[in-house]
Amino acid sequence: MRILAIGDIHGYLAALDALLAEVRPTPEDSVIFLGDYVDRGPDSRGVVNRVIELERSLRVVALRGNHEQMMMDSRGGPGLLPNWLLNGGEEALASYAPEGRQGTLNDVPRGHWNFLDHVCVDWFETDDFIFVHGGLAPNLSLPEQPIPVLRWQKLTPAVKPHFSGKTMVCGHTVQPSGVPLDLGHAICIDTGVYLPQGWLSCLDVEEGTCWQANQHGKTRMLHLDDLEEI
Ligand SMILES: [Mn+2]
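Note on numbering: residues in each chain are counted from 1, in written sequence order. Local features are withheld for residues below a pLDDT of 70 in this predicted model, meaning they are given only at 70 or higher, and side-chain atom pairs are given and counted only at 80 or more; totals for whole chains, interfaces and linings count all residues.

A.B. asks: Teacher, can you tell me more about the sheet that holds strand β10 (residues 209–213) here?
C.D. replies: Whether parallel or antiparallel, the strands of a sheet pair through hydrogen bonds between backbone atoms. Taken in spatial order, the six strands make up an open sheet running β3-β2-β1-β9-β10-β11, and their pairing is mixed. The two strands at the open ends of the sheet, each matched to only one other strand, are β3 (59–62) and β11 (219–223). Put simply, the sheet's adjacent strands are angled 20° from each other on average, direction ignored. Whether two strands pair depends on DSSP finding at least two bridges between them. The secondary structure listing takes helices from DSSP runs of H or I that are at least 4 residues long and strands from runs of E that are at least 2 residues long, numbered from the N terminus. Bridge analysis of strand β1 (residues 3–6) against strand β9 (residues 200–204) gives three bridges, and the strand direction is antiparallel. Bridged to I6 within β9 is C202. Note on method: axes are straight lines fitted to C-alpha atoms, helices fitted across the in-contact stretch only, with angles between N-to-C directions ranging 0 to 180 degrees.

What follows is the structure, encoded as structure tokens:
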């Protein structure tokens, strides 16, 4: 009955699969993906497929990240597509392209748009934790949170705790150190899998155990209590 949070994957399917092989989530666990499935890495399509597939057998919550937002918005007009493509969308669209030609928005399967539009959620909470992609406005309840804050806000030491007293678990603010940032009231697990020395992280939020996998499928394990020694 673990509560497992998985950070920003950014198209690195090999890292996600290596991580899942280590963590081995069961149907009793809750798996919360913090968003940014797509962009930058080589296989956005494969990552979205994997998350959709996991939903069929596991208790999965998938948050929307700012990269999903840019991808969704790219359908809204010709000016918005270049914005996505310049922010890693070029690699994402290429993963949808048939061999030998550039991808277009029409190459993205309907099931993937449905996943982004209707399956993904903006936040999730348990008794002790709030899960978001970016950040939280400290004095607002969850339904009142502004979407730009949920998607884009960075975690800095100046960020105030949420009034609920719950611990925020987020992605989005890349940690070039390769280890999670633990501020006590907030924990960021975007450990930059797209960086040469980066990792994809899965955190057991109650135990503090953190499994990591990199682009090459190498894995390691650490604990939030030991971060200062790493
Ligand atoms: Mn992000």
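A.B. asks: Is there a simple way to think about the nonpolar core in this case?
C.D. replies: Proteins that are soluble and globular tend to have nonpolar side chains buried together. Note on terminology: a nonpolar core is any set of buried Ala, Val, Leu, Ile, Met, Phe, Trp, Tyr and Cys residues joined through C-beta atoms within 7 Å. Field definition: a residue is buried when 20 or more other C-beta atoms are found within 10 Å of its C-beta, exposed when 12 or fewer are, and partly exposed for counts in between, with C-beta atoms placed from the backbone. Within the largest apolar cluster, 54 residues are counted, with the highest numbers of intra-cluster contacts made by A5, A15, L19, F33, L34, L200 and C202. The greatest single-element share of this core, amounting to six residues, is contributed by helix α1 (residues 13–23). We call two residues in contact when their backbone-placed C-beta atoms lie within 7 Å. Filtering out sequence-adjacent residues up to four positions away, L19 remains in contact with L200, C202, W211 and A213.

A.B. asks: Sorry, what's going on with unusual backbone geometry here?
C.D. replies: Notably, D39 is not glycine yet its phi reads approximately 80°, a positive angle. Along the chain, the position of D39 falls in the loop between β2 (30–33) and α2 (44–57). Take D39: there are 27 C-beta atoms within 10 Å of it, and that puts it in the buried class. The phi dihedral of R40 falls on the positive side, at around 80°, and the residue is not glycine. You can see R40 is positioned in the loop between β2 and α2. Looking at R40, the number of C-beta atoms within 10 Å reads 21, which means it is buried.

A.B. asks: What is the right way to look at the sheet that holds strand β6 (residues 167–170) in this model?
C.D. replies: Strand order in the open sheet formed by five strands is β4-β5-β6-β8-β7, and the pairing between neighbours is mixed. Taken across any chain shown, the strands that pair with only one partner, and hence form the sheet edges, are β4 (124–125) and β7 (181–182). By the bridge criterion, three bridges tie strand β5 (residues 129–131) to β6 in an arrangement that is parallel. The partner of I130 across the bridge, within β6, is M168.

A.B. asks: Looking at this model, I keep getting lost on helix α4 (residues 80–96). Mind explaining?
C.D. replies: Residue pairs three or four apart in sequence face the same way in an α-helix, which turns once every 3.6 residues. The end-to-end C-alpha distance of α4, which contains 17 residues, comes to just 19 Å, noticeably less than the 24 Å that a straight helix rising 1.5 Å per residue would cover. Those residues of α4 lying buried are W84, G88, G89, A92, L93 and S95. Check the buried side of α4 and you find it contacts α2 and α3 (66–73). The span one expects for a helix is its residue count, reduced by one, times 1.5 Å.

A.B. asks: Would you explain the environment of M71 in this entry?
C.D. replies: Looking at the secondary structure, you find M71 in helix α3. Once the C-alpha coordinates of M71 and L54 are considered, the two residues, 17 residues apart in sequence, prove to be 22 Å apart. With residues up to four places along the chain from it excluded, the contact list for M71 reads V38, W84, G89, A92 and L116.

A.B. asks: Please explain the packing of α2 against α4 as it appears in this structure.
C.D. replies: Each pair of packed helices can be described by the angle between their axes along with the distance between the axes. Running from amino to carboxyl end, α2 crosses α4 at an angle of 75°, the nearest separation of the two axes being 7 Å. What the angle tells us is that α2 and α4 run roughly perpendicular. For the pair α2 and α4, the contacting residues are S44, R45 and G46 in the first and E91, A92, S95 and Y96 in the second. Residues are grouped as follows: nonpolar covers Ala, Val, Leu, Ile, Met, Phe, Trp, Tyr, Cys and Pro; charged covers Asp, Glu, Lys and Arg; every other residue, Gly included, is treated as polar. The class makeup of the residues in the contact of α2 with α4 is two nonpolar, three polar and two charged. When describing relative orientation, an angle under 35 degrees is termed roughly parallel and one over 145 degrees roughly antiparallel, while 65 to 115 degrees is termed roughly perpendicular and anything else oblique.

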